[in-house]
Amino acid sequence: MGQQQSSVTDRLAQIKGAQVIKSFCYTCPWTCPTEVFVRDGKVVYHKGNPEAPNNIGTRCAKGMASAWVTQDPDRLKYPLLRSNAKGEPGEFKRITWDQALDFMAEKLESIRQKWGPEAVVYLTHHDPNGIFMVQLISQLYGTPNVSIGHGSGCEGDRRSACFTTFGNIFPMHDFAHSQYILLWGMNMLGANQALFESRGLLEAKKRGAKLVVVDPSFTETAQKADEWIPIRPGTDAAMALAMNQVIVEERLHDAAFVRDHCEGFDGFAEHLREQGYTPDWAAPICGIEAETIRRLAREFATRKPAISAIFKGSGYYTNGAAAGRACYLLDAITGQVDGPGNLHLKDFAPIGMPATIPEEAMTKPSKPPLARAMGYKMTAPTSYPVLPEVPNARLPEAVLNDDPYPVRGVIVQAANPVMSDPNRERMQAMFAGLELAVAVEIYMSETALECDLVLPNTSFYEQAEIRQGMWLGAEAILGQPVVPPVGESRPMYDIVKGLAERMGWGQYFDYERWEDWAEKRVETLPVSLEELKARGFWAGELRYGKPAQGLPTKSGKVEIYSHAYADAGLCPYPLWQERSVIPDEAYPLQVTHSKLSAHCNIVTQNNPMLMEICGENWVEINSQDAARYGIRDDQMVVLESPKDKIEIRAKVVEGLVPGAVSIRHGHGFGHWAMGRIAKGKGAHSNNLMDSHTNPLTGTNSYNECKVRVRPA
Ligand SMILES: Nc1nc2c(c(=O)[nH]1)N[C@H]1C(S)=C(S)[C@@H](COP(=O)(O)OP(=O)(O)OC[C@H]3O[C@@H](n4cnc5c(=O)[nH]c(N)nc54)[C@H](O)[C@@H]3O)O[C@H]1N2
Ligand SMILES: Nc1nc2c(c(=O)[nH]1)N[C@H]1C(S)=C(S)[C@@H](COP(=O)(O)OP(=O)(O)OC[C@H]3O[C@@H](n4cnc5c(=O)[nH]c(N)nc54)[C@H](O)[C@@H]3O)O[C@H]1N2
Ligand code: SF4
Ligand SMILES: [Mo]
């Protein structure tokens, strides 16, 4: 098949008179390998790489529209320095790269002198080549505060659940081989994950697998499901614990698997009994009948291979860490871990670091990372037991109150916390309070507007990168520059090289061409750079059955009993707790969020093709609630929380739990910066919420918010 497909590539290249370069898409975090067709320095066509297991040649609408980024007139072209007072929306003047890097190096040095290296934080999400900055700012400069995975802004709860249970930070999903798929708010056909996973889900369904979607909303995925379970928001932990209880009580668990590969099954059985986590207990909490919970538990335990999977749905609340663990414990006690058709414990490719820094040149941090120092002050250690990343929404405490210690510099790359984190006002106040705020961006983003220095970054079409591929097995993928940089924009490896030269560390970043560092990074891979360039990816063997080989948890086993929790003085088994914000008479509706298929986060709203498909966001409201509050379909409404209000279009739907509203892609629209197409379209919802974080993981809790609604 590969050969046949690649001849299609050759024919297309001939017809288009174009050169084909293997690369990958980074419009969303799933990084599909691609073939990019280039003629006269322009992208004339691009498609999925047919040989790559991630996407098998397919792409989504966002990826198909992505080459716009190489020609968007609103892209940042030059380094910019603020020319007005902090706290006001920035006015900027153009400066040279030399001036920009001198300014940044001097500020970094002065912060280190005054406050220590830990007073600088580096945040990135959409993180091309963030690893270069991590090596500079963490290993050499000496701050422990780097967040390259953006865990607390995103899926910290899911990662922590997977990490504490299976010792793996990145769960993937072998849906293609499943017989029973239980998704807890994971909207695979709306907010798509890796494309082979979405395709696998649909293939499994065609084969006769059962798909059950637990979600307050009748989502794109629920619409394709055999059964939609309209759960009350923030109550997944209760339902999942009750399902565990049925499986244990009726001895439907996998006795051999829990004996050989798990720690703590008997203790968990006791815990469920003691706490009284039965379907009758859970039913009124979740709004799901006890008999349905019982039936689903029995089905899940007996129709194998099965998978119980989560993404952000359960993690949007302050009780999301326990919910995530409870959902994964269904996989654990039924022995459905890392086999074909199960939750898959991803293997990672051994990609080397770009810089070799000798031990004696490294600066050891003298203070603990913020994730530890800010930790939940429960019992003994003050620490987030399970997520070693900067808790974003609490960063203003360090900047504005010096709690737990002063932070004075923030470097943000390819993330936009002023728009994506809860409580915009607090984030803006934080940026105003910094001695150095730098945005490395492709647009003048809402966060860049608050910064001192804005550095234009190349897009993924204009730079090289080697990174982990988003496939079940180990995989390395290569992104290659296919067109020249827009304006004077630079890739991170050049920005870091310029900074390192000024800060006395130039010898560690002494590459001339990108191939120089790339050669080094692939030394540890069983493939040469030439082979990677020709094929675009390297994929290792797909391995199943890791629990039998020992897991990187403290016990080496699947931890039903979590040592990480126990060591932090917490209950080692999941406990049910109410979330923080409960609707009341004044604000009777619970906010939920969900993403849209034609957009990715706050990345795609300046793309005219995607905006033509979906040009604004909206709020969904159940028809009963709409009638109660006098709301008509397609009408503009005011959504008001105790903190702020927004005007947004309403869609009246049947498929939503009464008492909840679903703001679709609420953080991604209503831009007041970015570009001409994005600006002013739709409504931005994140200032409705206060800065709630999950007490165990430090993750932002975007749905901790209650509102009332009225016609605008
Ligand atoms: N097209 C597209 N794809 C994307 C993205 C994108 O922006 N667009 N973003 C990417 C990123 S960064 C991420 S993190 C992932 C996120 O992937 P998902 O987590 O699948 O996406 P979301 O839309 O954030 O939330 C999923 C669902 O959770 C439901 N939900 C809300 N509250 C609850 C609850 O209490 N219980 C349950 N069971 N469900 C609940 C919502 O109704 C929604 O349908 O998607 C990635 N893929
Ligand atoms: N209310 C609400 N809030 C949410 C969510 C939600 O569902 N609801 N989802 C949360 C989730 S899951 C996530 S992951 C976060 C995402 O939010 P963030 O982590 O802040 O990041 P992104 O949306 O990925 O991208 C932000 C910035 O990256 C820039 N960018 C795009 N490509 C490049 C590039 O190649 N180089 C550089 N330097 N910059 C680039 C864009 O211009 C944009 O300003 O939002 C979170 N916030
Ligand atoms: S899934 Fe993500 S990486 Fe793949 S084509 Fe779509 S936007 Fe690009
Ligand atoms: Mo995310």
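Note: the structure precedes this text.
Residues numbered from 1 in each chain as written. Chains lettered and ligands numbered in written order. Predicted model: local features only at pLDDT ≥ 70, side-chain atom pairs only at ≥ 80, totals over all residues. Heavy atoms only, no water.

1. A look at the packing of helix α10 (residues 279–286) against helix α11 (residues 290–302)
Okay, so step 1: Two elements in contact, α10 and α11, have axes separated by 8 Å at closest approach and are oriented at 115 degrees. α10 and α11 meet at a crossing whose hand is right-handed. Counted together, P279, D280, A282 and A283 of α10 and A290, I293 and R294 of α11 form the full contact between these two elements.
Okay, so step 2: Class assignment for the residues of the contact of α10 with α11 results in 5 nonpolar, no polar and 2 charged. (Axes fitted to C-alpha atoms, helices over the stretch in contact; angles between N-to-C directions. Helix = DSSP H or I, 4+ residues; strand = E, 2+ residues; numbered from the N terminus. Left-handed = near helix turned anticlockwise from the far one by under 90°. Contact = heavy atoms within 4.5 Å. Nonpolar A, V, L, I, M, F, W, Y, C, P; charged D, E, K, R; others polar.)

2. Things to note about the sheet that holds strand β19 (residues 475–479)
Okay, so step 1: The strand order across the open sheet built from 3 strands is β18-β19-β20, with neighbouring strands paired in antiparallel fashion. Looking at the sheet topology across the chains shown, the edges are occupied by β18 (465–468) and β20 (537–539). Ignoring strand direction, the axes of neighbouring strands in this sheet form an average angle of 15 degrees.
Okay, so step 2: Two strands pair when backbone bridges link them, and β19 and β20 are joined in this way by 3 bridges, in the antiparallel orientation. From the neighbouring strand, A476 faces β20, where its bridge partner is W538. (Pairing = 2+ DSSP bridges.)

3. Observations concerning the site of ligand 1
Okay, so step 1: In the vicinity of ligand 1 there are 35 residues, among which G185, G234, D236, Y316 and H599 approach most closely.
Okay, so step 2: For ligand 1, a nitrogen atom lies 3.4 Å from a polar atom in the backbone of S597.
Okay, so step 3: Surface burial for ligand 1 is 99%, taken as the share of its 910 Å² of free accessible area covered by protein chains.
Okay, so step 4: Across the shell around ligand 1, the residue classes tally to 14 nonpolar, 16 polar and 5 charged.
Okay, so step 5: Taken together, domain 2 (156–344 + 553–567) and domain 3 (589–711) each give at least three residues to the shell around ligand 1, which thus spans both. (Near = heavy atom within 4 Å. Polar contact = N/O pair within 3.5 Å; in protein donor to acceptor, adjacent residues only side chain to side chain. Areas by Shrake-Rupley, 256 points an atom, 1.4 Å probe, with all protein chains shown as cover. Domains from an automatic or database assignment.)

4. Observations regarding the nonpolar core
Okay, so step 1: One finds F166, L182, L183, W184, M239, M243 and I560 to be the most contacted residues of the largest nonpolar core, which totals 80 residues.
Okay, so step 2: No other element matches the 10 residues that helix α7 (residues 236–249) contributes to this core.
Okay, so step 3: Those residues within four positions of L182 in sequence are excluded, and the remaining contacts are V212, V214, M243, F300, I307, S308, A309 and L330.
Okay, so step 4: Counting residues in hydrophobic clusters, the runner-up holds 56 residues, among them A119, A464, L529 and L532. (Core = buried A, V, L, I, M, F, W, Y, C linked by side-chain atoms within 4.5 Å. Buried < 20%, exposed > 50% of the residue type's maximum accessible area, 1.4 Å probe, protein only.)

5. With respect to the site of ligand 2
Okay, so step 1: Not every one of the 30 residues close to ligand 2 is listed here, only the nearest: N416, S420, E441, N457 and N686.
Okay, so step 2: Contact distances for ligand 2 include 2.6 Å between an oxygen atom and a side-chain N or O atom of E441.
Okay, so step 3: Note that a nitrogen atom of ligand 2 is positioned 3.1 Å from one of the side-chain N or O atoms of H593.
Okay, so step 4: Taken by itself ligand 2 offers 920 Å² of open surface, and the protein chains cover 98% of this.
Okay, so step 5: By residue class, the composition of the shell around ligand 2 is 12 nonpolar, 15 polar and 3 charged.

6. As for α11
Okay, so step 1: For α11, built from 13 residues, the straight-helix expectation of 18 Å at 1.5 Å per residue is met to within 8% by its first-to-last C-alpha distance of 19 Å.
Okay, so step 2: Restricting attention to buried positions, one finds in α11 the residues A290, T292, I293, R294, L296, A297, E299, F300 and A301. (Expected span 1.5 Å × (residues − 1).)

7. Details of the environment of S701
Okay, so step 1: As for its position among the elements, S701 is in the loop between β26 (660–664) and β27 (706–711).
Okay, so step 2: It is 7.9 Å that separates the C-alpha atoms of S701 and S691, two residues lying 10 residues apart in sequence.

8. Section: the sheet that holds strand β4 (residues 80–82)
Okay, so step 1: In spatial order, the strands read β5-β4-β17-β16-β15-β6-β7; together these 7 strands make up an open sheet with mixed pairing. Every interior strand has two partners, whereas the edge strands, β5 (92–94) and β7 (146–147), have only one.
Okay, so step 2: Examined bridge by bridge, β4 and β5 share 3 bridges and lie antiparallel to one another. Bridge pairing links L80 to R94 in β5.
Okay, so step 3: Each of β6 (120–124), β7 and β15 (409–413) touches helix α4 (residues 130–140); the most contacted strand, β6, lies at about 170 degrees to it.

9. Re the packing of aromatic side chains
Okay, so step 1: Per the stated rule, a full pass over the model turns up 17 aromatic pairs.
Okay, so step 2: Considering the side-chain rings of F37 and Y45, the 5.2 Å spacing of their centres and the 65 degrees angle between planes classify their relative orientation as edge-to-face.
Okay, so step 3: Of the residues examined, F37 reaches a relative accessible area of 0% and is grouped as buried.
Okay, so step 4: Seen in terms of ring centroids, F218 and W228 are 5.1 Å apart; in terms of plane orientation they differ by 45 degrees. Their pairing is tilted. Highlighted residues: F218 in the loop between β10 (210–214) and β11 (227–229) and W228 in strand β11, separated in sequence by 10 residues.
Okay, so step 5: For W228, a relative accessible area of 25% gives the class partly exposed.
Okay, so step 6: Among the aromatic residues, those joined into a cluster by ring pairs are F132, Y493, Y511, W514 and W517.
Okay, so step 7: Directly above the aromatic system of W115 lies the positively charged group of R408, at a separation of 4.2 Å from the ring centroid. (Phe/Tyr/Trp six-rings, centres within 6.5 Å; stacked < 30°, edge-to-face > 60°. Lys NZ or Arg CZ within 6 Å of the ring centre and 35° of its normal.)

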